[in-house]
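Inside the fold
Letter by letter, the chains look like this.
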Amino acid sequence: MTDCIFCRIAAGEIPANIVYQDEDVLAFRDLNPQAPVHVLIIPRRHIATLNDVAPEDVQLLGRLLLAAKMVAEQEGLAEAGYRTVINCNADGGQTVFHVHVHLLGGRSMNWPPG
Ligand code: AMP
């Protein structure tokens, strides 16, 4: 989608600080980090929200989580721990409508989230 900012990052049209990529998945640092490490993991293919995920996307969703695990290791977060978040629509706080996993780490997280 040409008007989707994350599709444009995936296409290389907008710069991003990329920390991992493969043929299906891209991970880059969040522009407005909420923790010392804040990385977004996205599918290259446009899927707007978690509501739009279909059964045939199950493998792709698994790839997102596997990439999150790999980036967490790469960033030295694995042992201390980290948080993964997928916001969906207004009440979930989603602002970019291309499904993405937030990987947050480098500090202790609170629960429940705000
Ligand atoms: P969400 O609110 O869950 O939709 O998360 C969207 C995230 O994308 C926010 O944390 C933003 O800071 C981040 N973001 C928006 N534009 C960019 C960009 N161009 N590069 C990196 N992160 C971005």
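Everything below is about the structure printed above this text.
First, a word on scope: everything that follows refers to the structure included in this document. Everything numeric here is computed off the predicted structure, so don't read it as measured data. (Residues numbered from 1 in each chain as written. Predicted model: local features only at pLDDT ≥ 70, side-chain atom pairs only at ≥ 80, totals over all residues. Heavy atoms only, no water.)

The biggest cluster of nonpolar side chains holds 18 residues, and the ones touching the most others in it are Tyr20, Val25, Ala27, Val39, Ile41, Val71 and Leu103. The set of elements that each furnish at least two residues to this core consists of β1 (18-21), β2 (25-29), β3 (37-43), α2 (58-74) and β5 (101-105). Cys4, Cys7, Ala10 and Phe28 belong to the second-largest nonpolar core, a separate cluster that totals 10 residues. (Core = buried A, V, L, I, M, F, W, Y, C linked by side-chain atoms within 4.5 Å. Buried < 20%, exposed > 50% of the residue type's maximum accessible area, 1.4 Å probe, protein only. Helix = DSSP H or I, 4+ residues; strand = E, 2+ residues; numbered from the N terminus.)

Moving on, we come to the sheet that holds β1. In spatial order, the strands read β1-β2-β3-β5-β4; together these 5 strands make up an open sheet with antiparallel pairing. Lying at the two open borders of the sheet, with one neighbouring strand each, are β1 and β4 (82-85). Between one strand and the next, the sheet's axes are offset by a mean angle of 20°, whatever the strand orientation. Bridging between β4 and β5 involves 4 bridges; their strand directions are antiparallel. Each bridged residue has a counterpart across the sheet, and for arginine 83 the counterpart in β5 is leucine 104. The sheet contacts of α2 involve β1, β2, β3, β4 and β5, and relative to β3 the element is tilted by about 155°. (Pairing = 2+ DSSP bridges. Axes fitted to C-alpha atoms, helices over the stretch in contact; angles between N-to-C directions. Contact = heavy atoms within 4.5 Å.)

Here the focus is the pairing of β2. Burial analysis of β2 places 4 of its 5 residues in the buried class, the great majority of the element. Inspection of the sheet shows β1 paired to β2 by 3 bridges, in the antiparallel sense. Residue pairing across strands places glutamine 21 opposite leucine 26, the latter belonging to β2. Hairpin connection from β1 to β2: 3 residues lie between these consecutive antiparallel strands. Note: β2 against β3, 5 bridges, orientation antiparallel. Bridged to alanine 27 within β3 is isoleucine 41.

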